[in-house]
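Secondary and tertiary structure notes
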Amino acid sequence: MMAMASLLTTCVLAVVLLSLQAAAQLGDVAAPESNSTTSEPTVNVTKTSQELPPAGLPEIVVDPVDVVSTAPVALPLPDDNPQTGAKQMEDGGVVQVIDPDRISIKVVGSNCTDSSDCLIINNSNCINGRCDCISGFIQSKHSLEKCIKVPSGLDDSCEEDVQCSYVVVASECRGGVCSCPPNYVFEQAHCWERQLLGGTCNTSAQCDNVAMSLCAQGVCACQPPLIPNPSSDKCLQVAGRDYRASCEEDIQCTSSYGDEAHCSNSQCVCSSNYHYNSSVCVPDKKLGEECLSDEDCTVSDVIHVEGSRACIDQVCGCAEGFTSLPGEEVCMEKSSGEELAVSFIWLACIVVAKYYLP
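**Notes on the environment of Cys180**
- You can see Cys180 is positioned in the loop between strand 6 (177–179) and strand 7 (184–186).
- Look past the residues within four positions of Cys180 in its chain and what remains in contact with it is Leu154, Arg174, Val185, Phe186 and Cys191.

The structure is reproduced here in structure tokens:
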């Protein structure tokens, strides 16, 4: 019995020792795994605390907001004139107004006590406490330190446009000489733009691009009784009351004979199926239609004999000594014998020409 207990004790101790050895081996394996190359991502943390200053120096506290700023910085305008600091911008609609009294040296408009204060400015003087250009000179448009000569008028020498426009409105300095711009004309100390017929004007000189024109009530127009052509670049004579008057354009004829007239071979004539009644072009009337005068019965067709029609009892018919064939609009002269035969032959030719020839 004692031997059995001893054997049991020995087995228990052996199991315990084996267990301890196994646990030790597991501890040795876990240690290298903690030192493996695979590691969690590291996070760099910026040190926010500031180092202390050396002893004896005051501590400087810096606000991070003051160090970096995204707000725009207002910069001064660039200088056109480094001596005066003057700047005038007109190209973008932005104008910086310059106060001459704030400029370090004297310019036109600066305060002064005597002429010596303005010596830096040529052709200037101290006038009423201000540096100003002397008589016969004006301030340059490009420099506050310059007075330029006033020209006598057009064709006088110049440097800037302001000199010319000072004596002649709307003039400019072209090639060193005061002149009116292209397509402008000089009149009454002014350069005026030339106009076509119908354009606004202040003087007849503006209308001289078109012969026989003038400025009437502020508009370029033709001298009466002339009329303008459709392109407004010419004044034309009206046709008048004489039929087949000479013409250049249709408007000369329509202004006298009405809308059914036109210019053909340099003569005013009525349109087809219209005739001139000593006043206007009116439609042709057929035989038997109502009329008021012999002119109402006149027709434009060349095959009709002049004077062959008349207004009889307010109806268009053949005049005395003429007769018509049934169904025809032609009045033929009455005759007998051989003359009648010739008349019939002539009538047959007319019918053939009118209805069968192309």
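**Description of the pattern of salt bridges**
- Tallied over the full model, the rule gives 4 salt bridges.
- Lys146 is the partner of Glu159 in a salt bridge, and the nearest nitrogen-oxygen pair spans 3.0 Å. Taken together, the positions of Glu159 in the loop between strand 4 (147–149) and helix 3 (161–167) and Lys146 in the loop between strand 3 (137–139) and strand 4 put the pair 13 residues apart, joining distant regions of the chain.
- On the basis of relative accessibility, which here comes to 52%, the residue Glu159 falls in the exposed class.

**Quick look at unusual backbone geometry**
- The omega torsion across Pro224 and Pro225 is 0°, close enough to zero to call that bond cis.
- With respect to the helices and strands, the residue Pro225 is situated in the loop between strand 10 (219–222) and strand 11 (227–228).
- Located in the positive-phi region is Asp155, a residue other than glycine, with phi close to 75°.
- Mapping Asp155 onto the fold places it in the loop between strand 4 and helix 3.
- By relative accessible area, which is 64% here, Asp155 ends up exposed.
- The backbone of Asp313 shows a phi angle near 50°, a positive value even though the residue is not glycine.

**Brief notes about the pairing of strand 2 (residues 130–133)**
- Along strand 2, the buried face is formed by Cys131 and Cys133; none of Arg130 and Asp132, which line the opposite face, is buried.
- As judged from the 4 bridges shared by strand 1 (residues 124–127) and strand 2, these two strands associate in the antiparallel manner. Each bridged residue has a counterpart across the sheet, and for Ile127 the counterpart in strand 2 is Arg130.
- Connecting strand 1 to the antiparallel partner strand 2 that follows it, the hairpin turn spans 2 residues, and Asn128 within it adopts a positive phi of roughly 55°.

Conventions we followed
Each chain has its residues counted from 1, running along the sequence as written. Residues qualify for local features only when their pLDDT is at least 70, as the model is predicted, and side-chain atom pairs are given and counted only at 80 or more; totals for whole chains, interfaces and linings, by contrast, use all residues. For the side-chain quantities, the full set of heavy atoms in the structure was used; hydrogens and water were omitted. Think of it this way: any DSSP run of H or I at least four residues long counts as a helix, any run of E at least two long counts as a strand, and we number them from the N terminus. Contact definition: two residues touch when any of their heavy atoms are within 4.5 Å. Every case where a carboxyl oxygen of Asp or Glu lies within 4 Å of a side-chain nitrogen of Lys or Arg is listed as a salt bridge. Exposed residues in this analysis have more than 50% of their type's maximum accessible area, buried residues have under 20%, and partly exposed residues fall in between, with area computed by a 1.4 Å probe over protein chains only. DSSP-based pairing: two strands are paired if at least 2 bridges between them are found.

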